[in-house]
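# Residue-level structure breakdown
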Amino acid sequence: MKGFRLLFVTVCVGFAPLAQADDQMVEEGRKIAFDVKKGNCLSCHNIPGGQASGNISVPLVAMQMRFPDKEVLRQNVWNQPQFRPHAMMPPFGKHQILTEEEIDKIVEFLYTL
Amino acid sequence: MISRKALACSVCLLFAGLVVNANVGADGEVDPDKDLEGIQQFFKNKFPDLPWEEFANGSYALDPAWRANWELIEEFPPYEVAIANGEEMWNTPFANGKSYADCFGEPGVQHHYPRWDRDQGQVLTLALAINQCREANGEEPLKYKKGAIVDILAYMAYESRGQIINVVVPEDDPRALEAYKKGREFYFTRRGQLNFACAHCHFSMAGRKLRTESLSPALGQATGWPVYRSKWGAIGTLHRRYTGCNKQVRAKPFKAQGEEYRNLEYFHTRMSNGLPLNGPAARK
C-alpha cells in the first residue's frame, strides 16, 4: 500500500511539470488567437470563450475530430489559401503575421476546442 | 516577383471564384457591359429582398441596429457645415474674377464623374477637375483627402443628389477600357500582409460581420461621397477611404488622385450605375 502511494506520488510529480507546460502553451495560444493585434481570429470565427465574434467563416469547434492530423490543422493556420484558394484568411505563417512558435501555441489551443 | 500574366490570371480566378460567372470572353477580354450585368446580378441574387435603391445606403441597408443609429445621426447631419462652406466657396470668385461656375456651369454635376477624358487620356474625377479648374485660374490646388476639397465636394454632391450614376467606358477609345481593366484588377488583387482583395470584404462577404463591422456590398459604395465618418470625426473623400481600406490589410496605400486610385474609382463607381447619388453621407 505504501509502495503504491509512493508510486502514485512519483508519477504525479513526474507528470506535473509536463501538464503545466501544456496548460501554459494552451493559455498563451488562446491569448494570441484572441489578441486583435495578433491572430484576431474572432473577427472571422466564433470560438468558445471569445466574445463579439464575426461570422465570416466556420466556428472553430471539435478541432481534434475535424483535424485528426495536427499537422494539417497547423497548415490551415499557416497558409489557409493552399486549401481554399479564394478563402479570405490571412496566411499567418507564410506572410509572417505570427511567428512559428506563436502558431504552435495557437494549434495547441485549437486542439482543446 | 509574380509575372503580369500570372497576376492577371489569378485575378480572373479570384473573380471567378467569387462571382462564379467570370465576365470575361473566351479570349480573356473584359467586356465592361457584361461585367456590369454580371456584378449587379451577383448582388441582386445575394440580397434578393433588398429594394434596388437601398444599395445606396451601404451596410445600413443590411444591419437594422446600425440603421437606427444612422437615422438618428441624419436628423442633425454632421456634414451640413461642409455643405455651407462649399456653397460659399462656389459663390466666391477666384482672384482673377472667375469662379467654379465658369468651369462647371452648375454645381450639380457629380453624375458626370468619374469619366474618361479623351483629351487628357486619363480618368477625370470630380476632385481632379476641381483642382484643374483652380489651377487654370491661377489658384493653388487643394489637398485631396480632407479640408477645403471636401467642402466644395460636399456642396456639389448635395446639389447632385438624385442624379443617376452612369459611368461609361467609351468603346472607341481602347485606353478607356485599359483604365477600366486596371481599376478592376486593383479590386480583385490580393494585397498587403493580410492578403485580402477589396472583393474579399465587399463581394462574397458583403452583409457578414468582420468582428462587429457589417461589410457593405461593393455595389452602392460610390453613391454617397464625400462621407462624414464618426471614426474620422470629420468628412473625408473616397480616396481617403481607399487609403484606409488599403492600410487595414497592412498594404502601402497609393497616392490620393494618383492614377491607381482614379482607375479604381472608375471601375468602383461604375458598379453602382443606375443608383441615385445621395451624398454627402454619414457613416460609422
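Right, let's get into the overall build of chain A. Helix and strand content of chain A: four helices and zero strands. Counted from the first residue to the last, chain A has its helices and strands arranged as α-α-α-α. Here chain A, with 113 residues, has 36% of them falling under the buried criterion. Within chain A, contacts between residues at least 6 apart in sequence are counted, and of these 44% link residues at least 24 apart.

With that settled, consider the overall build of chain B. The helix and strand tally for chain B stands at 11 helices and seven strands. With the C-alpha coordinates of chain B rotated into their principal frame, the extents come out at 55 × 45 × 35 Å. A total of 284 residues make up chain B; the buried ones form 54% of that total. Long-range pairs, those at least 24 residues apart, make up 69% of the contacts in chain B between residues at least 6 apart in sequence. Counting every atom, chain B has about 13,300 Å² of accessible surface; 52% of that belongs to carbon and sulfur. Counting 35 positive and 34 negative side-chain charges, chain B places the centres of these two groups 10 Å from one another.

Turning next to the interface of chain B and chain A. If you look at the interface, chain B gives 19 residues, while chain A gives 25 residues. Among the residues chain B hides against chain A, the three largest losses belong to Arg190, Gln193 and Arg211 of chain B. Together they make up 36% of the total. Scanning the region where chain B abuts chain A turns up zero salt bridges. Across the chain B-chain A interface, the total number found is 12 residue pairs in polar contact (both at pLDDT 80 or more). Elements supplying a minimum of two residues to the side of chain B that touches chain A: helix 1 (4–19), helix 9 (198–204) and strand 3 (209–210) of chain B. The element best represented in the side of chain B that touches chain A is helix 1 of chain B, accounting for three residues. Tallied by class, residues from the side of chain B that touches chain A come to eight nonpolar, six polar and five charged.

All names here are of chain A. Packing of helix 3 (residues 70–78) against helix 4 (residues 100–110) brings their axes to within 10 Å, and their N-to-C directions diverge by 125 degrees. Taken together, the axes of helix 3 and helix 4 lie oblique to each other. Like other packed secondary-structure pairs, helix 3 and helix 4 cross with a definite hand, here right-handed. For the pair helix 3 and helix 4, contact is made by Lys70, Leu73, Arg74, Val77 and Trp78 and by Glu100, Ile103, Asp104, Val107, Glu108 and Leu110, respectively. Tallied by class, the residues present in the contact of helix 3 with helix 4 amount to six nonpolar, no polar and five charged.

A word on the confidence of the model for chain A. Chain-level pLDDT for chain A is 87 on average; 81% of the residues reach the 70-or-more range. Here residues 1–14 of chain A scores under 50 on pLDDT; set against residues more than four positions off or in separate chains, the count is zero contacts.

All right, on to the packing of aromatic side chains then. All names here are of chain B. Overall, the coordinates contain 22 aromatic pairs over all chains when judged by the stated rule. Ring geometry for Tyr187 and Phe203: centres 5.9 Å apart, planes at 65 degrees, overall edge-to-face. Placement of Tyr187 in helix 8 (residues 174–188) and of Phe203 in helix 9 is noted, with a sequence separation of 16 residues between them. On the accessibility criterion, Tyr187 (3% relative accessible area) is buried. Aromatic ring contacts, followed pair by pair, group Phe42, Phe43, Tyr180, Tyr187, Phe188, Phe203 and Phe267 into a single cluster. Here the basic side chain of Arg229 rests over the ring of Trp232, its NZ or CZ set 5.1 Å away from the ring centre.

A few words now on the state of the cysteines. Applying the stated rule across the entire model yields one disulfide over all chains. The disulfide that involves Cys103 of chain B links it to Cys133 of chain B, with 2.1 Å between the sulfurs. As the torsion about the S-S bond is roughly 80 degrees, the Cys103 of chain B-Cys133 of chain B disulfide counts as right-handed. Remark: Cys133 of chain B occurs in helix 6 (residues 126–136) and Cys103 of chain B occurs in helix 5 (residues 100–104); sequence separation between them is 30 residues. On the basis of relative accessible area, Cys103 of chain B is assigned to the partly exposed category, the value being 38%. Note on Cys41 of chain A: no disulfide assigned, nearest cysteine sulfur contributed by Cys44 of chain A at a separation of 8.7 Å. Looking at the unpaired Cys44 of chain A, the closest cysteine sulfur is the one in Cys201 of chain B, lying at 8.1 Å. Residue class for Cys44 of chain A comes out buried when judged on its relative accessible area of 10%.

Residues and elements named next belong to chain B. The strand order across the open sheet built from three strands is 6-5-7, with neighbouring strands paired in mixed fashion. Strands at the two margins of the open sheet, each flanked by one partner only, are strand 6 (234–236) and strand 7 (281–283). Pairs of neighbouring strands in the sheet enclose a mean axial angle of 35 degrees, with direction left out of account.

Calculation criteria
- The written sequence of each chain sets the order in which its residues are numbered from 1.
- Ligands are numbered from 1 and chains lettered from A, in the order in which they are written.
- Only residues with pLDDT of at least 70 get local features here, since the model is predicted, and only at 80 or more are side-chain atom pairs given and counted; chain-wide, interface and lining totals rely on the full set of residues.
- Just so you know, side-chain values use all the structure's heavy atoms and leave hydrogens and water out.
- Only runs of H or I of at least four residues qualify as helices and only runs of E of at least two qualify as strands under DSSP, and these elements are numbered from the N terminus.
- Accessibility here uses a 1.4 Å probe with only protein chains present; expressed as a share of the type maximum, an area under 20% marks a residue as buried, one over 50% as exposed, and anything in between as partly exposed.
- Contacts between residues were defined by any pair of non-hydrogen atoms, one from each residue, lying within 4.5 Å.
- Note on areas: Shrake-Rupley, 1.4 Å probe, and residue coverage restricted to the protein chains presented here.
- Counted as positive: Lys and Arg. Counted as negative: Asp and Glu. His and the chain ends are not counted at all.
- To locate a charge, take NZ of a lysine, CZ of an arginine, CG of an aspartate or CD of a glutamate.
- Summed over both partners, the accessible area (1.4 Å probe) lost when two parts come together is defined as the buried area.
- A carboxyl oxygen of Asp or Glu within 4 Å of a side-chain nitrogen of Lys or Arg is what we treat as a salt bridge.
- We call two N or O atoms a polar contact when they sit within 3.5 Å, provided that within protein one can donate a hydrogen and the other can accept it, with sequence-adjacent residues counted only if both atoms are side-chain atoms.
- Residues were grouped as follows: Ala, Val, Leu, Ile, Met, Phe, Trp, Tyr, Cys and Pro as nonpolar; Asp, Glu, Lys and Arg as charged; and all remaining residues, including Gly, as polar.
- Every axis corresponds to a line fitted to the C-alpha atoms, with the helix fit spanning only the stretch in contact, and the corresponding angles, defined between N-to-C directions, vary from 0 to 180 degrees.
- Each angle is binned into one of four classes, with values under 35 degrees roughly parallel, values over 145 roughly antiparallel, values of 65 to 115 roughly perpendicular, and all other values oblique.
- For any pair of crossing helices, the crossing counts as left-handed if the nearer helix is rotated counterclockwise from the farther one by less than a right angle, and right-handed if it is rotated clockwise.
- Confidence scores per residue from the predictor, reported as pLDDT, run from 0 to 100.
- In summary, the pairing rule links any two rings of Phe, Tyr or Trp, Trp by its six-membered ring, whose centres are within 6.5 Å, and it sorts them by plane angle into stacked for under 30 degrees, edge-to-face for over 60 and tilted for everything else.
- Geometrically, a charge over a ring is one whose NZ (Lys) or CZ (Arg) sits within 6 Å of the ring centre while staying within 35 degrees of the ring normal.
- Disulfides are defined as pairs of cysteine sulfur atoms found within 2.5 Å of each other.
- Strand pairing is defined by DSSP finding a minimum of two bridges between the two strands.

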